[in-house]
Amino acid sequence: MEHHDLEGAPPVRVHLRRSSRARRLSLRVSRLDGRVTLTLPRGVPLPAAIAFADERASWIRGHLAEIGAPELVGWGSVLPVEGRPCSVIAGPRSALRPEAGVIEVSARVASVPGTVAGLVKALARARLTAASDAHAARLGRPYSRITLRDTRSRWGSCTEAGALMYSWRLAMAPPDVLDYVAAHEVAHLAVMDHSPRYWAVVRGLCPGFEAHRRWLREHGQELHRPRFSAVAQ
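Note that this is a predicted model, so its numbers are computed, not measured.

A. View of the nonpolar core. Ranked by internal contacts, the top residues of the largest apolar core, which has 48 residues, are L79, V88, I103, V116, Y166 and Y180. Per-element tally for this core: the top contributor is helix α3 (residues 112–139), with 10 residues. The contacts of I103, once residues within four sequence positions are left out, are L79, V81, C86, S87, V88, I89, A95, L96, V116 and L119. Judged by nonpolar contacts, the second largest core, of 18 residues, contains V14, L27, F52 and L64.

B. Spotlight on the packing of aromatic side chains. In the structure shown here, the tally under the stated rule is 4 aromatic pairs. Taking 5.9 Å as the distance between ring centres and 10° as the angle between the ring planes, the aromatic pair formed by Y180 and F209 counts as stacked. Placement of the pair is Y180 in helix α4 (residues 175–187) and F209 in helix α6 (residues 209–219), with a sequence separation of 29 residues. Here Y180 matches F209 in class, with each residue buried. Three or more aromatic residues joined by ring pairs form one cluster here, namely Y180, Y198, W199 and F209. The ring centre of F52 lies 3.7 Å from the NZ or CZ of R56, which sits over that ring.

C. Representation of the packing of helix α5 (residues 196–205) against α6 in the model. The interhelical angle for the contact between α5 and α6, taken along N-to-C directions, is 100°, at an axis separation of 9 Å. The angle between the axes of α5 and α6 places the two elements in the roughly perpendicular class. Counting all contacts with α5, which are made through W199, V202 and R203, the residues of α6 involved are F209, E210 and R213. For the contact of α5 with α6, the residue count by class is 3 nonpolar, no polar and 3 charged.

D. Structural view of α3. The end-to-end C-alpha distance of α3, which contains 28 residues, comes to 40 Å, matching closely the 40 Å that a straight helix rising 1.5 Å per residue would cover. Of the residues one or two after α3, G140 is the one with positive phi, at around 75°.

E. Representation of the sheet that holds strand β1 (residues 2–6) in the model. Taken in spatial order, the 4 strands of this open sheet run β1-β2-β4-β3, and their pairing is mixed. In the strand order of this sheet, the two ends are held by β1 and β3 (26–29), each with one partner. Ignoring which end each strand starts from, the neighbouring axes of this sheet average 30° apart. As paired elements, β1 and strand β2 (residues 12–19) share 5 bridges and run antiparallel to each other. Within β2, the residue paired with D5 across the bridge is R13. Against the sheet, helix α1 (residues 46–55) engages β1, β2, β3 and β4 (36–41), with an angle of about 35° to β1. Across the sheet, helix α2 (residues 57–67) lies against β1, β2, β3 and β4, angled at about 20° from β3, the strand it touches most.

Conventions adopted
- Residues numbered from 1 in each chain as written.
- Predicted model: local features only at pLDDT ≥ 70, side-chain atom pairs only at ≥ 80, totals over all residues.
- Heavy atoms only, no water.
- Core = buried A, V, L, I, M, F, W, Y, C linked by side-chain atoms within 4.5 Å.
- Buried < 20%, exposed > 50% of the residue type's maximum accessible area, 1.4 Å probe, protein only.
- Helix = DSSP H or I, 4+ residues; strand = E, 2+ residues; numbered from the N terminus.
- Contact = heavy atoms within 4.5 Å.
- Phe/Tyr/Trp six-rings, centres within 6.5 Å; stacked < 30°, edge-to-face > 60°.
- Lys NZ or Arg CZ within 6 Å of the ring centre and 35° of its normal.
- Axes fitted to C-alpha atoms, helices over the stretch in contact; angles between N-to-C directions.
- Parallel < 35°, antiparallel > 145°, perpendicular 65-115°, else oblique.
- Nonpolar A, V, L, I, M, F, W, Y, C, P; charged D, E, K, R; others polar.
- Expected span 1.5 Å × (residues − 1).
- Pairing = 2+ DSSP bridges.

Set out below in structure tokens:
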């Protein structure tokens, strides 16, 4: 997908998406994470699309202000880690310390947001691997691999080949919520649909999962608020 960065402070990234079904240029600002997408009908030249976005820069920024655009992580930022609010502070080395309510970042790093993202990703891989291993062992169904992504439309997925994918932002959610998502995806190793039989498997792996599912529906968008790039993604 191509993109165009609107000038100004802060810069705003507009993602350009071509669609054979689109009949006109259209802009969308996601209420989930502030992602701006401009859809182009086939045949519309790129300069025309960029001009369209530039002409509507005020409209785009107005919508971002209305929904509360994601904030760039930096010194003093507060973001959740394992469901606990943590402040980004300087420390002797970079480390997550959710039990103390802090994320320590070494003053020697080149990028504070990049370092924090790396710490959260590493935690997500460790927690999701452990949870997936435990649930797969209980189910007696091995998975093939785990991939972490920064997804917006789903928290996880499972392919027919047994490949698991998770959003690394789950490391910011309470541990029980992360565990539920792992159980949700591992259950697909046994049942690929969302039939009553599937939900029975989920319940066997994660009793009381409904509360964790509800938490994601009510608070999941908060995990998308922290931004780890200087340009809105």
